[in-house]
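The chain contents come next:
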Amino acid sequence: MMRIMKRRDVRTTVSIDEGLLEKAKQLALQEGVSMSEIVNRSLRQALLAPVTRRQGPGFRMLTFQGTASSEREWTPEVIAKMRDADSI
């Protein structure tokens, strides 16, 4: 069974950058369609396009070998003493 979706148009007011508006008007004239069609198509393309995640440069996890015991209780006081002992 084929599902038919009804198109529901809604009027709204948006502020559009002047340069984009001129390009949209030119495109609408070239294609012989309305500005509404250009705006709808552009929004549809932008909103339905897959989101690509930008990958920044990777990083290398730096680790060190220490003598810390897993049996030690890491209280704020112990951490403060270790921090103060390491400070220059």
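Our structure's up above, just so we're on the same page.
Quick caveat: nothing in here was measured; it's all calculated off a predicted structure. (Residues numbered from 1 in each chain as written. Predicted model: local features only at pLDDT ≥ 70, side-chain atom pairs only at ≥ 80, totals over all residues. Heavy atoms only, no water.)

1. Observations concerning the pattern of salt bridges
Condition: By convention in these notes, a salt bridge is any Lys or Arg side-chain nitrogen within 4 Å of a carboxyl oxygen on Asp or Glu. Strands are runs of DSSP state E lasting at least 2 residues, helices are runs of H or I lasting at least 4, and numbering of each runs from the N terminus. Exposed residues in this analysis have more than 50% of their type's maximum accessible area, buried residues have under 20%, and partly exposed residues fall in between, with area computed by a 1.4 Å probe over protein chains only.
Scanning the entire structure with this criterion turns up two salt bridges. Of the charged contacts, one joins E31 and R41 as a salt bridge, the two residues approaching to 2.7 Å between their closest N and O atoms. Taken together, the positions of E31 in helix α1 (residues 18–31) and R41 in helix α2 (residues 35–48) put the pair ten residues apart, joining distant regions of the chain. Since its relative accessible area comes to 25%, R41 is described here as partly exposed. Between D84 and R83 there is a salt bridge, with its nearest N and O atoms 3.3 Å apart.

2. Some words on a nonpolar patch on the surface
Formally: Within this analysis, patches are made of residues with over 30% relative accessible area and no salt bridge. Like charges are joined at 9 Å or less; nonpolar side chains (Val, Leu, Ile, Met, Phe, Trp, Tyr) at 5 Å or less. Note that accessible areas follow from Shrake-Rupley with a 1.4 Å probe, and for residues the cover is restricted to the protein chains shown.
Where nonpolar side chains cluster on the molecular surface, the patch consists of V14, I16, L20, V39, L43, L47 and L48 and spans about 700 Å² of accessible area. Here the element with the most residues in the nonpolar patch is α2; it accounts for four residues.

3. Quick look at the packing of α1 against α2
Here is the rule we go by: To get an axis, a line is fitted to the C-alpha atoms, and for a helix only the part in contact is used. The angle between two axes follows their N-to-C directions and goes from 0 to 180 degrees. In what follows, roughly perpendicular refers to angles from 65 to 115 degrees, roughly parallel to angles under 35, roughly antiparallel to angles over 145, and oblique to any angle outside these ranges. For any pair of crossing helices, the crossing counts as left-handed if the nearer helix is rotated counterclockwise from the farther one by less than a right angle, and right-handed if it is rotated clockwise. Only heavy atoms enter the contact rule, under which two residues are in contact if any of them lie within 4.5 Å. Here the term charged refers only to Asp, Glu, Lys and Arg, the term nonpolar to Ala, Val, Leu, Ile, Met, Phe, Trp, Tyr, Cys and Pro, and the term polar to all other amino acids, Gly among them.
Contact geometry for α1 and α2: axes closest at 9 Å, N-to-C directions at 110°. Judged by the angle between their axes, α1 and α2 are roughly perpendicular. Considering how the two elements wind past one another, α1 and α2 form a crossing that is right-handed. On α2, the residues touching L21, A24, K25, L27, A28 and E31 of α1 are M35, I38 and R41. Counted by class, the contact of α1 with α2 contains six nonpolar, no polar and three charged residues.

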